[in-house]
Amino acid sequence: MARKSSTPNRGFRVADQIQRDLAELIARELKDPRVGMITINAVEVTPDYAHAKVFFSVLTGNADEALQGLNTAAGFLRSGLFKRLHIHTVPTLHFLFDRTTERAADMNALISKAVASRSKDED
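This report concerns the structure included in the present document. As the structure is a computational prediction, the values presented were derived from the model and not from experiment. (Residues numbered from 1 in each chain as written. Predicted model: local features only at pLDDT ≥ 70, side-chain atom pairs only at ≥ 80, totals over all residues. Heavy atoms only, no water.)

### Some thoughts on the overall build of the protein
For step 1, the next point in the chain: Looking only at helices and strands, the protein has 4 helices and 3 strands in total.
For step 2, the next point in the chain: In the protein, the succession of α and β elements from N to C terminus is α-β-β-α-α-β-α.
For step 3, the next point in the chain: When its C-alpha atoms are laid out on the principal axes, the protein stretches across 65 × 45 × 20 Å.
For step 4, the next point in the chain: Per-residue burial over the protein gives 30% buried out of 123 residues.
For step 5, the next point in the chain: Sequence-distant contacts in the protein: of pairs separated by 6 or more residues, those separated by 24 or more amount to 59%.
For step 6, the next point in the chain: Looking at the protein, you have 17 positive and 15 negative side-chain charges, and the mean spots of the two groups are 9 Å apart. (Helix = DSSP H or I, 4+ residues; strand = E, 2+ residues; numbered from the N terminus. Buried < 20%, exposed > 50% of the residue type's maximum accessible area, 1.4 Å probe, protein only. Contact = heavy atoms within 4.5 Å. Lys, Arg positive; Asp, Glu negative; His and termini not counted. Charge placed at Lys NZ, Arg CZ, Asp CG, Glu CD.)

### Focus on the packing of aromatic side chains
Any two aromatic rings considered together are summarised by their centre-to-centre distance and by the angle between their planes.
For step 1, the next point in the chain: On inspection of all chains with the given rule, the structure shows 1 aromatic pair.
For step 2, the next point in the chain: Taken together, a centroid distance of 5.7 Å and an interplanar angle of 65 degrees make the contact between Phe 56 and Phe 97 edge-to-face. Of the two residues, Phe 56 is situated in strand S2 (residues 51-58) and Phe 97 in strand S3 (residues 92-97); the sequence distance between them amounts to 41 residues.
For step 3, the next point in the chain: Judged by relative accessible area, Phe 56 falls into the buried class, the value being 0%.
For step 4, the next point in the chain: Given a relative accessible area of 21%, Phe 97 falls into the partly exposed group. (Phe/Tyr/Trp six-rings, centres within 6.5 Å; stacked < 30°, edge-to-face > 60°.)

### Brief notes about unusual backbone geometry
For step 1, the next point in the chain: The backbone of Tyr 49 sits at a positive phi, close to 60 degrees, despite the residue not being glycine.
For step 2, the next point in the chain: In this structure, Tyr 49 sits in the loop between strand S1 (38-45) and S2.
For step 3, the next point in the chain: The class of Tyr 49 is buried, set by a relative accessible area of 16%.

As structure tokens, then:
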């Protein structure tokens, strides 16, 4: 039988705190020029808190270079989290580029194009 957590939704709260702390660490303390302006979109933590998938998007710069920079700085960021979080295990960070915003922009462009062609056909 699966053991119930003593505090409900603790995994979500830990993931949210990691997201906030990582955003602050990257913005204020990370000096890697490959990592420009990025947004941490989401964090998913495994139930044992050993690993965390960090989804990010790039506002300026190259996504591949930002991914390399973040992976290089993962140990530094993890040690920064260790100082801020009060949990027994600080997860190993795995960064993944999130293409959701790109897909949303593409869908909006397609919808606008379809609406424009439909109104042109009605005239």
